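# Summary of structural features
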Amino acid sequence: MFPSAGNDQFTLSKLIAVIFSMGGVAMVSLSDSDNGSLPLASFWALAGAILYSVFLVMLKRKVQDEHKMDITMFFGFVGVFIAVSLWPLFFVLDATKWEEFQWPTKLEWLFLVINGLVGTVLAECLWLWGCFLTSSVVGTLSLSLTTPLSMFADLILDKKRYGWMFYVGSVPIFVSFFAVCILSHYENWDPVLMCTRKAYHFVRKRQNPLRLSDVEREQTQSLIKHSHHHHHQINDNDDT
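Conventions and cut-offs
- Residues numbered from 1 in each chain as written.
- Predicted model: local features only at pLDDT ≥ 70, side-chain atom pairs only at ≥ 80, totals over all residues.
- Heavy atoms only, no water.
- Phe/Tyr/Trp six-rings, centres within 6.5 Å; stacked < 30°, edge-to-face > 60°.
- Buried < 20%, exposed > 50% of the residue type's maximum accessible area, 1.4 Å probe, protein only.
- Axes fitted to C-alpha atoms, helices over the stretch in contact; angles between N-to-C directions.
- Helix = DSSP H or I, 4+ residues; strand = E, 2+ residues; numbered from the N terminus.
- Parallel < 35°, antiparallel > 145°, perpendicular 65-115°, else oblique.
- Left-handed = near helix turned anticlockwise from the far one by under 90°.
- Contact = heavy atoms within 4.5 Å.
- Nonpolar A, V, L, I, M, F, W, Y, C, P; charged D, E, K, R; others polar.
- Expected span 1.5 Å × (residues − 1).
- Arc of directions from axis to C-beta.
- 1 Å grid on protein atoms, 1.4 Å probe; cavity = no way out; pocket = protein on both sides within 12 Å on 5 of 7 lines; lining within 4 Å.
- Points joined across faces, edges and corners; volume = space filled by probe spheres on them.

Okay, the packing of aromatic side chains next. For the coordinates displayed, the defined rule picks out four aromatic pairs. Note on Trp-103 and Trp-109: the rings are 5.7 Å apart at their centroids and 65° apart in plane angle, and the pair reads as edge-to-face. The partly exposed category is assigned to Trp-109, whose relative accessible area is 38%. With a centroid separation of 5.4 Å and an interplanar angle of 70°, the aromatic rings of Phe-177 and Phe-178 are classed as edge-to-face. Connected via pairs of aromatic rings, a cluster forms that spans Phe-152, Phe-166 and Tyr-167.

Contact geometry of helix 6 (residues 136-144) with helix 8 (residues 164-185) gives a least axis separation of 10 Å together with a crossing angle of 165°. In terms of orientation, helix 6 lies roughly antiparallel with respect to helix 8. Handedness of the helix 6/helix 8 crossing: left-handed. Between helix 6 and helix 8, the residues in contact are Val-137, Val-138, Leu-141, Ser-142 and Ser-144 and Ile-173, Ser-176, Phe-177, Val-180, Cys-181 and Ser-184, respectively. Residue classes in the contact of helix 6 with helix 8 are distributed as seven nonpolar, four polar and no charged.

Taking 1.5 Å as the rise per residue, helix 1 (residues 12-31) with 20 residues should run 28 Å; its terminal C-alpha atoms sit 29 Å apart, in good agreement. For helix 1, the elements touching its buried residues are helix 6, helix 7 (146-157), helix 8 and helix 9 (191-207).

This part is about helix 7. For helix 7, spanning 12 residues, the distance from its first C-alpha to its last is 16 Å, which sits close to the expected 16 Å at 1.5 Å a residue. Every buried residue belonging to helix 7 is among Pro-148, Met-151 and Leu-155, and all of these are buried. One side of helix 7 carries all its buried residues, which in axial view fall inside an arc of 65°. Residues of helix 7 that are exposed and point more than 90 degrees away from the buried face comprise Ile-156 and Leu-157. The elements touched by buried residues of helix 7 are helix 1, helix 6 and helix 8. Just past helix 7, the residue Lys-159 takes up positive phi, approximately 60°.

For the rest of this paragraph, the subject is the layout of surface pockets. Estimates place the volume of the second largest pocket at around 410 Å³. Forming the boundary of the second largest pocket are 14 residues, of which Phe-75, Val-78, Gly-79, Ile-82 and Glu-124 lie nearest the centre. For the lining of the second largest pocket, the elements supplying multiple residues, two or more each, are helix 2 (40-62), helix 3 (71-85) and helix 5 (106-133). For the lining of the second largest pocket, the leading source of residues is helix 3, giving seven residues. Residue classes in the lining of the second largest pocket are distributed as nine nonpolar, four polar and one charged.

Structure, rendered in structure tokens:
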């Protein structure tokens, strides 16, 4: 249903890297919470990540090469559809008091425009282009880097302090990203599967040493009998 390119194929190593990255993101999110539990916003972020992944997989299925799609025109149409179809939600959210609407100030308008041009248009175009040049797994894991990087920015600029879970959780996020990049470059390389198979054969060999010796002994005896029988046949032929 979803044919993948060589660098997008499923491997056990990529699965382990993604699981490690998810665990790191959970630890970083918990380090930023006040009571040690995931807030409701984290679940909304998880839902957004799932939709992002579905969007990227479906897009890669329809368009395998970046030359077959105009990225800027694509995002232009995405912006048009969002502006046309989602603007009534302003009134719904304001009426239900979920998100009260306030008219931005001039400074806020300036930041909104800069963020829209740089943080949305340029960043999304570069990200999607990078997904086509690498793989959807690399593109998705690169999004998880925004969480620790933004918190590192708060740590440097705002002098904000985080607990040990932030630093410990940041390690698997970065390691998983670079690991998937390397695994995507070497298409047929699955080190976790190779190590698992070697460990399995090692354990089997340690558990059944006598059985293997018996099999080898039987094979040796069978070869000796076959050799003797063949030698006797040759001698009988010479006598006749």
